[in-house]
Amino acid sequence: MSSPGILRLSHATVRVPDLELAVAYYAEVVGLVVTGRDSDRAYLKGWDEQQHHSLILQQAPTYGLDSLTFKVVEEDELDRLADRVTDAGISVERFHPGEVAEAAGATARFRSPSGHVIDLECGQGQVGNGLSLINPPPAPDNLIGMHPPRLDHIFLLCEDVDGVTAFFQEVLEFRLTEQIVADDGHQLATFLERTHTPHDVAFLTGPDGGFHHLAFWVDEWNDLRTAADTCAYHGVKIDAGPTRHGATRGCGLYFFDPAGNRNEVYTGGYHFDPDDEPTVWTEAEMGRAIFSYRGQVDQKFMSVHS
Amino acid sequence: MGIFRLSHVDITAPDLELAAAYYTEVLGLDISERTDDGNGERIFFKCWDERDHHCLAIRHDTRVGIDRFAFKVDHPGDLEAFEARIERAGVPVQRVAAGEETGQGESIRFEIPSGHEMELVYDVHKVGGRLPLINPAPIVPNLRGIAPPRIDHLLVQAEEVPEAARFFQDVLDFRLTEQLLDGGGHQTIAFLERSAKPHDIAFVQGTNGALHHFSFWLDDWDHVRRAADLLAYHGVTIDIGPTRHGLTRGSTIYFFDPMGTRNEVFSGGYRPDPDFPTITWTNDRAGRAVFYYEGVLNERFASVHT
């Protein structure tokens, strides 16, 4: 049988200049659960996640993405994937459990051709979802803010989308679900998955190492309206939505954290089989691929990043 | 990576024209093929967003029942690997050659401990969804009926639930997400998954070889309400719902096709990782485990099966 490989996006480490402010925002507005804290880091998770964290806030002079981490379930898979990355000519650094972060599992770290630091991690500590494992209610009764149950995907920028997409497909065994193809044939944006969802990670043409947004899952469209109300109530700047994407068919709401990192809450999409053909968007339809209702490329959405 | 989702359920019905009318007009499936060959007179159905040939096959027979259910594997070599494992477990395996079965390639069939015939298949013919693969709209306008995008899971009965569950865990690599234990600690319901959902198949204590229901996915609780409106409009017998399950946390409505086979449409749930801890329901909360709002099991739900 083929190897299990990467399971899913585990977490992102995001830089914030004001850690107190960021923790207040992510805990009270987004409604994540704080699971750990030290002098320059805070660890958070969606309420339904079993793992210790799906977001690490890292105190730093500027904002942006420090690294992203994918979950690998089996330790020998970590070795196998690290070897594949090494064989592709990219150096891999290995870390012991607990070395890169609180509750971290064994980690293999490398820099993707897109300039992003990527960790593959196996065995992050589990803290549970706050519900009993015996006769649990469907949700805790003390949730605040948008309270997404879990992390969903990450959207990154890079100069050579074709190159990083090939790397993700050939070396990291991701599957391409959708792509926006320029009239000259190169990829403007690609959507890649390991979880049979429309995307776990996506790339858009832009500067190497760029961070477009981090998205949390909500269960349905009605939750996006609640999220928009929550943003408006707290004076959080809404970037776009609630609206529908053409690519992924998901519905989303975009907004910015106090440091300027873009967040999304997202729902919908579809199931993608490993033998399904990817969807293609032409350059002329790029606006509708991104925002199905507006149908035009939003310059702010495309150009503002961290 | 082995089995990754439910592919199709093959049932029997005494009136194929009535079945065709109900499953296309009320449930809103598409007919992908009708055959009348050595395998009998059959209709093959699929959901609008499914790209595979069928998720439901109905064969004409004087009796209502289930022929088999099929799961999909994601690697061609998986069939051979499972054949060896299943035979090692003492269960004979029948190979079905490519071309012998409509809409799919080679498969293996075997009897599971609960007396059901199960099939594993790699190559289900791609007939495409209703959306184009170039610049697709996110929806298909004017879909008929409930129009679920895809099949989700099935629930079957077993005299010895633990035996069936163990076979699925040990031989087929399913993971146990939730279980109901009676006062003596005996497992009477088992929920099992291969697709990071609360269940792809579940076993409930009852008659060997019996089908309790099969279920289609809906994106939103609001769509469950719309399904209830359509069922009432068409005079379809509703078994229970709209309501919530304790087990799986899903939102649901159950109803019967005109021949008496129970159907469900389902939304919600959660995303268990392979290292997700099993949730246990105790007998004193059995009612709430099944129907969270009602807190009691209706007699029809517990006893009626096909």
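Keep in mind it's a predicted model, so treat the numbers as computed, not measured. Per chain, the residues get numbers from 1 upward, laid out in the order the sequence is written. Just so you know, chain letters begin at A and ligand numbers begin at 1, following the order they were written in. Where local features are concerned, this predicted model is filtered to residues with pLDDT of at least 70; where side-chain atom pairs are given and counted, the filter is 80 or more; whole-chain, interface and lining totals use all residues. Remark: hydrogens and water are excluded; side-chain values derive from all non-hydrogen atoms of the structure.

## Topic: the interface of chain B and chain A
No. 1: The interface of chain B with chain A comprises 45 residues on the first partner and 45 residues on the second.
No. 2: Summing both partners gives a buried area of about 3900 Å² for chain B against chain A, and 52% of it is carried by carbon and sulfur.
No. 3: Sorting the residues of chain B by area buried against chain A places B:Asn135, B:Arg249 and B:Arg271 first, and these three jointly supply 16% of that buried surface.
No. 4: Think of a salt bridge as a Lys or Arg side-chain nitrogen and an Asp or Glu carboxyl oxygen that are within 4 Å of each other. Here chain B is connected to chain A by 11 salt bridges.
No. 5: Two N or O atoms form a polar contact when they lie within 3.5 Å of each other; inside protein one atom must be a possible hydrogen donor and the other a possible acceptor, and for residues adjacent in sequence the pair counts only when both atoms belong to side chains. Taken together, the connections running from chain B to chain A amount to 22 residue pairs in polar contact (both at pLDDT 80 or more).
No. 6: Elements that contribute at least two residues to the side of chain B that touches chain A include exactly β1 (3-13), α2 (78-88) and β17 (279-282) of chain B.
No. 7: When residues are sorted by character, Ala, Val, Leu, Ile, Met, Phe, Trp, Tyr, Cys and Pro go into the nonpolar class, Asp, Glu, Lys and Arg into the charged class, and all the rest, Gly among them, into the polar class. Across the side of chain B that touches chain A, the residue classes tally to 20 nonpolar, 6 polar and 19 charged. Contacts between residues were defined by any pair of non-hydrogen atoms, one from each residue, lying within 4.5 Å. Throughout, buried area stands for the accessible area (probe radius 1.4 Å) lost by two parts on being put together, summed over both. Helix and strand definitions here come from DSSP, where helices need a minimum of 4 consecutive H or I residues and strands a minimum of 2 consecutive E residues; each element is numbered from the N-terminal end.

## Topic: the sheet that holds strand β11 (residues 187-193) of chain B
All names here are of chain B.
No. 1: Strand order in this open sheet of 9 strands is β14-β15-β16-β13-β9-β12-β11-β10-β17, and the pairing throughout is mixed. The open sheet terminates on both sides in strands that have one partner only, identified here as β14 (238-244) and β17. Between one strand axis and the next, the sheet turns by 15° as a mean value, whatever way the strands run.
No. 2: In the sheet, strand β15 (residues 251-256) pairs with strand β16 (residues 262-267) via 6 bridges, with the strands oriented antiparallel. Paired with Tyr254 across the strands is Glu264, a residue of β16.
No. 3: Across the sheet, helix α3 (residues 161-170) lies against β9 (150-158), β10 (175-181), β11 and β12 (201-205), angled at about 20° from β11, the strand it touches most. Two strands pair under a simple rule: DSSP has to find at least two bridges between them. Comment: axis = line fitted to C-alpha atoms, over the contacting stretch for helices; angle = value between 0 and 180 degrees taken between N-to-C directions.

## Quick notes on the confidence of the model for chain B
No. 1: The predictor reports its confidence for every residue as pLDDT, a score running from 0 up to 100. Residue-level pLDDT values for chain B average 96, and 100% of them are 70 or greater.
No. 2: Among the prediction metrics, the complex's ipTM stands at 0.87, with pTM recorded as 0.93.

## Describing unusual backbone geometry
No. 1: Of the consecutive residues A:Gly241 and A:Pro242, the connecting peptide bond is found in the cis state with omega at 5°.
No. 2: Structurally, the position occupied by A:Pro242 is in strand β14 (residues 238-244).
No. 3: In this model, B:Gly241 is joined to B:Pro242 through a cis peptide bond whose omega is 0°.
No. 4: For B:Pro242, the location among the structural elements is in strand β14.
No. 5: Phi is positive for A:His147, close to 35°, though the residue is something other than glycine.
No. 6: Within the secondary structure, A:His147 sits in the loop between β8 (117-122) and β9 (150-158).
No. 7: Relative accessibility decides the category of a residue: with a 1.4 Å probe and only protein chains considered, values under 20% of the type maximum give buried, values over 50% give exposed, and everything between is partly exposed. Under the relative-accessibility criterion, A:His147 is labelled partly exposed at 28%.
No. 8: Of note, B:Arg249 is a non-glycine position whose phi angle comes to about 65°, a positive value.

## Quick look at the sheet that holds strand β8 (residues 117-121) of chain B
All names here are of chain B.
No. 1: Taking strand neighbours across the sheet as the criterion, the 8 strands line up as β2-β3-β4-β1-β5-β8-β7-β6 in an open arrangement whose pairing is mixed. The two strands at the open ends of the sheet, each matched to only one other strand, are β2 (30-37) and β6 (93-96). Each strand of the sheet is rotated relative to its neighbour by a mean of 20°, with strand direction disregarded.
No. 2: Summarising the sheet, β1 and strand β5 (residues 65-73) pair through 8 bridges and their orientation is antiparallel. Residue pairing in the sheet places Arg5 in a bridge with Lys72 of β5.

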